[in-house]
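Chain by chain, the residues:
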Amino acid sequence: EDLNSNSDPAAQDLVSKAKFFHIRRDLKKAKKTYEAALRIQTKEFGEDDPTVASTLDAMGLVFLDEINHKEALEKFNRALAIRENKLGRHVDTAQTYEHIGMVFQEQKKRERAEEMFRKALDIKLEVLPKAHPELTQLYDQIAVSLNKRGKFAEATAVYKELLASTLQVHGEDHPDVVFAYNGISSLLAGKNRLNDALEILDKSLEICDRIQQRGHFNLDKTILGATLNNKARVKRDLGDYDAAAELFNQVLNIQRATIGEMHRLTADTYEELSRLYYKQEMLEDGINAFTKALEIHRKVLGDDHPKTKQLVQSHSEYSNLELNERAQALTKQGAEMAAEGDLEKAMELLQEALDIYKETVGVHPFTAIVYGSIAAIKLDQGLLDDAIAASAEALKILRRALGDDHAKTKARMEEHRVLLSLFLQVNRS
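Everything quoted here is computed from the prediction, not taken from an experiment.

(A) Representation of the confidence of the model for the protein chain within the structure. Residue-level pLDDT values for the protein chain average 89, and 95% of them are 70 or greater. Least confident of the elements in the protein chain is helix α15 (residues 306–314), whose mean pLDDT is 73; most confident is helix α4 (residues 69–86), at 97.

What follows is the structure, encoded as structure tokens:
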């Protein structure tokens, strides 16, 4: 029996159009169309009809996509009140609990989010078959809530519960097995166990390949995209930027084909790529990717949204291509002057480059390179204290920008260690 069977043809048509607008990321039209449908449904069936609850729940998702948590919660809570009263322990009631949990998750209210997710899971375990696909996302949400509160072991146990249930019912070559492995890999990556995470992700991708080849299950491209995205992040953290960029571009292709270009998750991938290109000193590619991310957020969320404003402010880091290219040229010329023995001219050029980088990129490997060159010149000039100070600045920047395990940071650590050893030798004599 369809518990949401009340339907006015005009309202039903509006709901369909609103869903279309939502899929197309036209959130303003989606909200306006849902509101029109809601007015008809409320007038026809009353304010406490399950059909009204369904529309309210769908509207809440639009507000959630706008990151408008207050309005999203208001819609979800109204839907929940109706569904609890009219439907009781029903899969639709569980769905609204889950949606409320998603709001709390985004608000970083982890305990309340977990409470909502567990209520949803409790109902779905009761009314759905074992290892049903709708359970997978809930296990994931609960595990994420636990991990964000530092409960690594409990979060791992949740993913292992999902994994065991899926393996028992479906065997290894199933999308939900991939989902569980992805969750475990994310937990390991968060603990900086990057190679362990990479091993599991490679296993996930092997399962994806087998599923696609055998055609046993319809592999959701978003699951493949999530696996590639996780692997890209691990490769990035391991310092393999070329591999990470290739993987992020594969993720973009999947996102364009599934959720579309104008989606905030697609924008997030462009943002990730821009940072990656920036670290690779590929300024123009970095600017183009960041500009695309900003364009999507402006279209989806509008210019007045906090996220858009944040990106506009950050865009200044990427919008000074001409200045940064000049700084790169100055750095190169400074090195050439130093090699020719004109240390005074070299310092003049490097200082100009440093001033530009401080203004445009701040804490960045480019800035560290200039400090490193200055340290070398100061050493040639016999100014050991100044050389150590410049080297220390370069090392501090690289640690913040790339981390202690990056090859450039390690190389700077070794050079700094040599300078400190020289300082001790000079002071002993």
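Back to the text.
(B) Quick look at a negative patch on the surface. Residues Glu336, Glu340, Asp342 and Glu344 make up a contiguous surface patch of negative charge. Locating Glu340 in the fold gives a position in the loop between α16 (321–339) and α17 (343–360). A relative accessible area of 62% places Glu340 in the exposed class.

(C) Structural view of the pattern of salt bridges. By the definition in use, this model includes 36 salt bridges. We note a salt bridge from Arg118 to Glu114, for which the minimum N-O separation is 2.7 Å. Taken together, the positions of Arg118 and Glu114, both in helix α6 (residues 110–127) and four residues apart, correspond to about one turn of that helix. Relative accessible area serves as the criterion here: at 11%, Glu114 is assigned to the buried category. Each of Arg25, Asp65, Glu106 and Arg264 takes part in one network of salt bridges that share partners.

(D) Just unusual backbone geometry, in detail. You will see that Arg25, though not glycine, has its phi angle at about 70°, which is positive. By relative accessible area, Arg25 is classed as buried at 8%. One non-glycine residue, Asn192, lies in the positive phi region at around 65°. Its location among the elements puts Asn192 in the loop between α9 (175–190) and α10 (194–214). Residue classification places Asn192 among the exposed residues on the basis of a relative accessible area of 53%.

(E) Molecular detail of the side chain of Arg110. In this fold, Arg110 is placed in helix α6. No salt bridge is formed by the buried Arg110. Its closest oppositely charged neighbour is Glu106, at 9.4 Å. Among the polar contacts made by the side chain of Arg110, one reaches the main-chain carbonyl oxygen of Gln105 at a distance of 3.0 Å. The contacts of Arg110, once residues within four sequence positions are left out, are Gln105, Ser145, Lys148 and Arg149.

What counts, and where the lines are drawn
Residues numbered from 1 in each chain as written. Predicted model: local features only at pLDDT ≥ 70, side-chain atom pairs only at ≥ 80, totals over all residues. Heavy atoms only, no water. pLDDT = per-residue confidence, 0-100. Helix = DSSP H or I, 4+ residues; strand = E, 2+ residues; numbered from the N terminus. Patch = residues over 30% accessible without salt bridge, like charges linked within 9 Å, V, L, I, M, F, W, Y side chains within 5 Å. Areas by Shrake-Rupley, 256 points an atom, 1.4 Å probe, with all protein chains shown as cover. Salt bridge = Lys/Arg side-chain N within 4 Å of Asp/Glu carboxyl O. Lys, Arg positive; Asp, Glu negative; His and termini not counted. Charge placed at Lys NZ, Arg CZ, Asp CG, Glu CD. Buried < 20%, exposed > 50% of the residue type's maximum accessible area, 1.4 Å probe, protein only. Polar contact = N/O pair within 3.5 Å; in protein donor to acceptor, adjacent residues only side chain to side chain. Contact = heavy atoms within 4.5 Å.

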